[in-house]
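Survey of secondary and tertiary structure
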Amino acid sequence: MFLFDGPDQAAVTILLAHGAGAPMDSPSMTATAKALAGAGFRVARFEFDYMAARRAGDGRMPPPRAEKLNPQYIAAVDALGAKGALVIGGKSMGGRVASMVADALFQKGRIRGLLCLGYPFHPPGKPEQSRTGHLADLKTPTLIVQGTRDEFGSREDVSTYRLSPLIDVLWLEDGDHDLKPRKRISGFSTADHLRTMAEAAIAWAERPTRHPATR
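It should be emphasised that the depicted structure is a prediction, and the values quoted were computed from it without experimental measurement.

The rules behind the values
Residues numbered from 1 in each chain as written. Predicted model: local features only at pLDDT ≥ 70, side-chain atom pairs only at ≥ 80, totals over all residues. Heavy atoms only, no water. Helix = DSSP H or I, 4+ residues; strand = E, 2+ residues; numbered from the N terminus. Rg over C-alpha atoms; globule rule 2.2 N^0.38 Å. Buried < 20%, exposed > 50% of the residue type's maximum accessible area, 1.4 Å probe, protein only. Contact = heavy atoms within 4.5 Å. Areas by Shrake-Rupley, 256 points an atom, 1.4 Å probe, with all protein chains shown as cover. Lys, Arg positive; Asp, Glu negative; His and termini not counted. Charge placed at Lys NZ, Arg CZ, Asp CG, Glu CD. Polar contact = N/O pair within 3.5 Å; in protein donor to acceptor, adjacent residues only side chain to side chain. Expected span 1.5 Å × (residues − 1). Pairing = 2+ DSSP bridges. Axes fitted to C-alpha atoms, helices over the stretch in contact; angles between N-to-C directions. Phe/Tyr/Trp six-rings, centres within 6.5 Å; stacked < 30°, edge-to-face > 60°. Arc of directions from axis to C-beta.

1. Describing the overall build of the chain
Within the chain, the regular secondary structure consists of seven helices and seven strands. Ordered by position in the sequence, the α and β elements of the chain form the string β-β-α-β-α-α-β-α-β-β-α-β-α-α. What you see for the chain is a C-alpha radius of gyration of 16 Å, in line with the 17 Å of a compact globule of 215 residues. Out of the 215 residues belonging to the chain, those deemed buried represent 50%. Here the contacts in the chain between residues at least 6 apart in sequence split such that 75% fall between residues at least 24 apart. By element, 52% of the accessible surface of the chain is carried by carbon and sulfur atoms, the whole surface being about 10000 Å². If the 28 positive side-chain charges of the chain are averaged to one point and the 23 negative ones to another, these points end up 3 Å apart.

2. Comments concerning the side chain of serine 154
If you trace the backbone, serine 154 turns up in the loop between β6 (142-147) and α5 (155-158). At 3.2 Å, the side chain of serine 154 and the side chain of aspartate 157 are in polar contact. Not counting residues within four places of it along the chain, the set of residues in contact with serine 154 comprises Thr148 and Trp171.

3. Things to note about helix α1 (residues 27-38)
When the terminal C-alpha atoms of α1 are compared, their 16 Å separation across 12 residues agrees well with the 16 Å that a helix rising 1.5 Å per residue should span. Three or more residues of α1 are buried, namely Ser28, Met29, Thr32, Ala33, Ala35, Leu36 and Ala37. On its buried face, α1 is in contact with β1 (3-5), β2 (12-17), β3 (42-46), β4 (85-91), β5 (113-117) and α7 (190-205). With its phi angle positive at about 110°, glycine 40 sits one or two positions after the end of α1.

4. Considering the sheet that holds strand β7 (residues 167-172)
One open sheet accounts for seven strands, arranged β1-β3-β2-β4-β5-β6-β7; its pairing is mixed. Strands with a single pairing partner mark the edges of an open sheet, and in this sheet they are β1 and β7. Each strand of the sheet is rotated relative to its neighbour by a mean of 20°, with strand direction disregarded. Across six bridges, the pairing between β6 and β7 is parallel. Across the sheet, residue glycine 147 finds its bridge partner in β7, namely leucine 172. Its contacts with the sheet place helix α3 (residues 70-80) against β1, β2, β3 and β4, and it is angled at close to 145° to β2. Of the strands in this sheet, β4, β5, β6 and β7 are in contact with α7, which crosses β7 at around 160°.

5. Brief notes about the packing of aromatic side chains
Counted by the stated rule, this structure contains six aromatic pairs. Ring centres of phenylalanine 46 and phenylalanine 48 lie 5.3 Å apart, and the angle between their planes is 80°; on these two criteria the pair is classed as edge-to-face. Grouping residues by exposure puts phenylalanine 46 and phenylalanine 48 together as buried. Measuring from ring centre to ring centre gives 6.1 Å for phenylalanine 121 and tyrosine 161, while their planes differ by 20°; the resulting arrangement is stacked. Here tyrosine 161 lies in the loop between α5 and β7 and phenylalanine 121 lies in the loop between β5 and β6, a separation of 40 residues in the sequence. Each member of the pair, phenylalanine 121 as well as tyrosine 161, is classed as buried. Three or more aromatic residues link up through ring pairs in this structure, and these residues are Phe46, Phe48 and Tyr73.

6. A look at the environment of lysine 68
Mapping lysine 68 onto the fold places it in the loop between α2 (49-55) and α3. Considered as a pair, lysine 68 and threonine 30 are 38 residues apart in the sequence and their alpha carbons are 25 Å apart.

7. Focus on α3
Residues of α3 that are buried include every one of Asn70, Tyr73, Ala76, Val77 and Leu80, and no others. Looking down the long axis of α3, one finds its buried residues gathered within 120° of arc, a one-sided arrangement. Residues of α3 that are buried in the fold lie against β1, β2, β3, β4 and α4 (93-107). In the segment just after α3, glycine 81 is the residue with positive phi, at about 55°.

Scope: geometric values only; no functional claims are made or implied.
Listed below in structure tokens is the structure:
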């Protein structure tokens with residue numbers, strides 16, 4: 001059910017779900033997982049049922065509405081049974097689904113935080129159709145890593161949305177929806193941005209966190 005990267009005894013495990021169109025072992029997801037593992041995290045990747053069905057041969061299986069996947073994300077958390085601190089998140093739609101279940105898990109002390117990579121703030125070209133209503137009052141410590149030219153949410157677009165003060169956004173210069181920059185324009189490579197993402201995630205995850213039950 002899971003693909004693992006990183007040390008077995010890591011202090012923090014990150015559970016990552018894929019985006020709407022690519023599986024958990026896509027080049028982008030694999031590079032991201034290895035960058036996080038290289039920074040010291042234990043990374044677990046999993047697939048939603050529709051993507052697993054595609055892998056089994058039903059290439060026509062479309063992704064359901066994101067909220068329909070909430071129970072599957074919670075089931076993945078249960079099945080993982082992570083020892084120690086757990087951060088949930090994912091790429092694009094996977095991160096969005098994680099963001100919709102995060103507060104319930106955080107309130108129970110089951111997760112430390114939320115990591116979203118290329119959050120789909122809105123459909124491409126339609127910034128007025130924001131997907132941020134639940135993010136305004138999010139109570140889970142969150143790190144969103146976003147490319148400045150992401151068609152699902154550029155820096156300019158995101159600056160117009162109301163986000164919880166518990167959300168930190170790391171902007172990667174010239175990054176697209178996969179965080180990939182154009183090196184000849186930005187001077188950065190994809191490896192540079194993934195390294196920056198992983199280093200920021202480590203610093204963010206090491207911040208002291210008090211769960212609601214202990215306050």
